[in-house]
Amino acid sequence: MKLLSVTVPCYNSEKYMRKCVDSLLIGGEDVEIMIVDDGSTDHTAEIANEYAAKYPTIVRAIHKKNGGHGSAVNAGIANATGLFFKVVDSDDWVKNTSFYKIIDTLRDLAGGQKTLDVLISNFVYEKEGQKSKVMRYRHALPIGRMFTWSEVRHLHKGQYILMHSVIFRTKLLRECGLLLPEHTFYVDNLYVFEPLPYVKNMYYLDENFYRYFIGREDQSVNEEVMIGRVDQQIRVNKLMIDFFVENKNKIIVNGKLYGYMYNYLEIITCISSILLIRSGTPENLEKKRELWDYIKQKDFTLFLKLRYGFLGNYMNLPGK
């Protein structure tokens, strides 16, 4: 068994995937790198096979029909042999010195009395033409030791544990039944939302490990692209609402967990509303009304809290 499985979802990634995979190779034999070729039409498949042939004990090439980012992550979870699991997108990379510390920490914790469910580290926004921005958690999470939800200090609005931040225990992802929807963008929000009620023990390593590149014109976080894909944003938003409502009894028993998951759901709903407003079309303004009606029908108490909270009031001002 490997210590860490890293899934690299790839779709037509020939121009930048080498930088990503090369940054992961320093993990050596402790790490399994799964390059998931999601039905690419360029040379991604050939590059994946090249790495698998050159590093047969470290790299695996997995080829599948196109199903989107979530489908590629699902394939990684299903095929992983590592004790822990990480997703690194093909246009991102990791910092080598931090990776060594990640591996050492996971190795130290793997055989401990308490089972580690998730390791959290910092990530860095690498924006094209701009200064890098580090996203840290040192003011909200205990540093350098195992802790539970009850010890989490306040994670303020705008500070969330994203896919770039987390390394989950592989078995936890399987046991919680995580299955991301296919052909849908923004499923990373589900990836760091649905497993949370199953997370007991956490560890925060204050290292700037993950480098998240922002700058490609076709990138899913580009505002124009997001508006064009707003139906997929709404789909993910509704799936998060469904999960929160259906698992409320499990979530609400832990106040810190409930507060964090509610805040995360609130910001995703806020983003959906902003995109629909920014598009300026009557059709999308109607979709915004439908989204809030969906919440009302699902859980009226949740609707009231979201609708008349600070962000909800701003999202529902009259007019454009």
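Sequence order as written defines residue numbering, which begins from 1 separately in each chain. Only residues with pLDDT of at least 70 are given local features in this predicted model, and only at 80 or more are side-chain atom pairs given and counted; all residues enter the totals for whole chains, interfaces and linings. Hydrogens are left out, water is left out, and the side-chain values use all remaining heavy atoms of the structure.

Asks: Which residues make up unusual backbone geometry, and what values go with them?
Replies: Although it is not a glycine, N12 adopts a positive phi angle of roughly 50 degrees. Even without glycine at this site, Y186 takes up a positive phi of about 70 degrees. Put simply, DSSP H or I for four residues or longer makes a helix, DSSP E for two residues or longer makes a strand, and each gets a number counted from the N terminus. Relative to the assigned elements, Y186 resides in the loop between α5 (170–175) and α6 (188–191). Three labels apply to residues, based on accessible area from a 1.4 Å probe with only protein chains included: buried if under 20% of the type maximum, exposed if over 50%, partly exposed otherwise in between. Relative accessible area serves as the criterion here: at 8%, Y186 is assigned to the buried category.

Asks: Give me the environment of M202: which residues, what numbers.
Replies: Mapped onto the elements, M202 comes out in strand β10 (residues 202–214). Any two residues having at least one pair of non-hydrogen atoms within 4.5 Å are treated as being in contact. Sequence-distant contacts of M202, that is, excluding residues within four places in its chain, are made with L116, V118, I120, R145, M146, F147, T148, W149 and V152.

Asks: Please set out the state of the cysteines residue by residue, giving values where relevant.
Replies: In this description, a disulfide is simply a cysteine sulfur pair whose atoms lie within 2.5 Å. Going through the model one piece at a time under the given rule, you end up with zero disulfides. Summary of cysteine pairing: C10 is not part of a disulfide, and the nearest cysteine sulfur, belonging to C20, is at 6.9 Å. Residue C10 is classed as buried on the basis of its relative accessible area, which comes to 1%.

Asks: Please give an account of the packing of aromatic side chains that cites residues and values.
Replies: Only the six-membered ring of Trp is used, alongside the rings of Phe and Tyr, when aromatic pairs are assigned; centres must lie within 6.5 Å, and planes under 30 degrees apart are stacked while those over 60 apart are edge-to-face, with the rest tilted. One pass over the full model with this rule turns up 16 aromatic pairs. Between Y125 and Y212, the aromatic rings sit 5.5 Å apart at their centres with planes inclined by 45 degrees, giving tilted as the arrangement. Highlighted residues: Y125 in strand β6 (residues 118–127) and Y212 in strand β10, separated in sequence by 87 residues. No difference in accessibility class separates Y125 from Y212, as the two residues are buried.

Asks: Before we move on, could you go through empty space enclosed by the protein and cite the residues and values that matter?
Replies: Method remark: on a 1 Å grid restricted to protein atoms, a set of points is classed as a cavity if a 1.4 Å probe fits but cannot get out and as a pocket if it is open with protein on both sides within 12 Å along at least five of seven lines; lining residues have an atom within 4 Å of a point. Grid points are joined across faces, edges and corners, and a volume is the space filled by probe spheres set on the points. Enumeration over the complete set of coordinates arrives at two cavities of 30 Å³ or more. Quantified by volume, the largest cavity comes out at close to 50 Å³. Contributing to the lining of the largest cavity are E266, T269, C270, W292, L306, L311, G312 and M315. Every element with two or more residues in the lining of the largest cavity is listed here: α10 (255–279) and α13 (310–315). Residue type decides the class: Asp, Glu, Lys and Arg count as charged, Ala, Val, Leu, Ile, Met, Phe, Trp, Tyr, Cys and Pro as nonpolar, and the leftover types, Gly among them, as polar. Here the lining of the largest cavity is built from residues that sort into five nonpolar, two polar and one charged. Together, V118, I120, I161, V166, F168, L196, V199 and M202 line the second largest cavity. Put simply, the parts of the chain that give the lining of the second largest cavity at least two residues each are β6 and β9 (166–169).

Asks: Can you explain helix α1 (residues 17–24)? Please cite residues and give values.
Replies: M17, C20, V21, S23 and L24 are the residues of α1 that are buried. Buried positions in α1, seen along its axis, are confined to an arc of 160 degrees and lie on one side of it. Considering only its buried residues, α1 is in contact with β1 (4–10), β2 (31–38), α2 (44–54), β5 (93–94) and α4 (96–110). Directions from the helix axis toward the C-beta atoms define the arc.

Asks: Just give me the short version of the packing of helix α8 (residues 230–246) against helix α11 (residues 282–298), but keep the residues and values in it.
Replies: When two helices pack together, their arrangement is given by the angle between their axes and by how far apart the axes lie. Between α8 and α11, the shortest axis-to-axis distance is 10 Å and the interhelical angle comes to 10 degrees. Considered as vectors, α8 and α11 are oriented roughly parallel to each other. Contacts between α8 and α11 involve V230, D231, I234, N237, K238, I241, D242, V245 and E246 from the former and N284, K287, L291, Y294, I295 and K298 from the latter. Of the residues that constitute the contact of α8 with α11, the class distribution is seven nonpolar, two polar and six charged. The convention used is that axes are lines fitted to C-alpha atoms, helices contributing only their stretch in contact, and that angles between N-to-C directions extend from 0 to 180 degrees. Should an angle fall under 35 degrees it is taken as roughly parallel, and over 145 as roughly antiparallel, whereas 65 to 115 is taken as roughly perpendicular and any remaining angle as oblique.

Asks: Could you give me a rundown of the side chain of T105, with the residues and numbers involved?
Replies: Looking at the secondary structure, you find T105 in helix α4. The exposure class of T105 is buried, given its relative accessible area of 10%. Reaching out from T105, the side chain makes a polar contact with the backbone oxygen of K101 at a distance of 2.8 Å. Not counting the four nearest positions on each side in its chain, T105 is found in contact with L119, Y203 and L205. Counted as a polar contact is a pair of N or O atoms within 3.5 Å, where, for protein atoms, one must be capable of donating a hydrogen and the other of accepting one, and residues adjacent in sequence contribute only when both atoms are in side chains.

Asks: With reference to specific residues and values, describe the pairing of β1.
Replies: Most of β1 is tucked away: seven of the seven residues are buried. Side-chain alternation along β1 places L4, V6, V8 and C10 on one buried face and S5, T7 and P9 on a second face that is also buried. Only when DSSP finds a minimum of two bridges between them are two strands counted as paired. Where β1 and β2 come together, seven bridges link them in parallel fashion. Bridge pairing in β2 places S5 opposite E32. With strands facing away from the observer, any crossover in which the path from the first strand over the helix to the second runs clockwise is taken as right-handed. Viewed along the sheet, the connection from β1 through α1 into β2 turns out right-handed. Relative to strand β4 (residues 84–87), β1 runs parallel, the two sharing four bridges. Across the sheet, the residue bridging to T7 is V87, located in β4.

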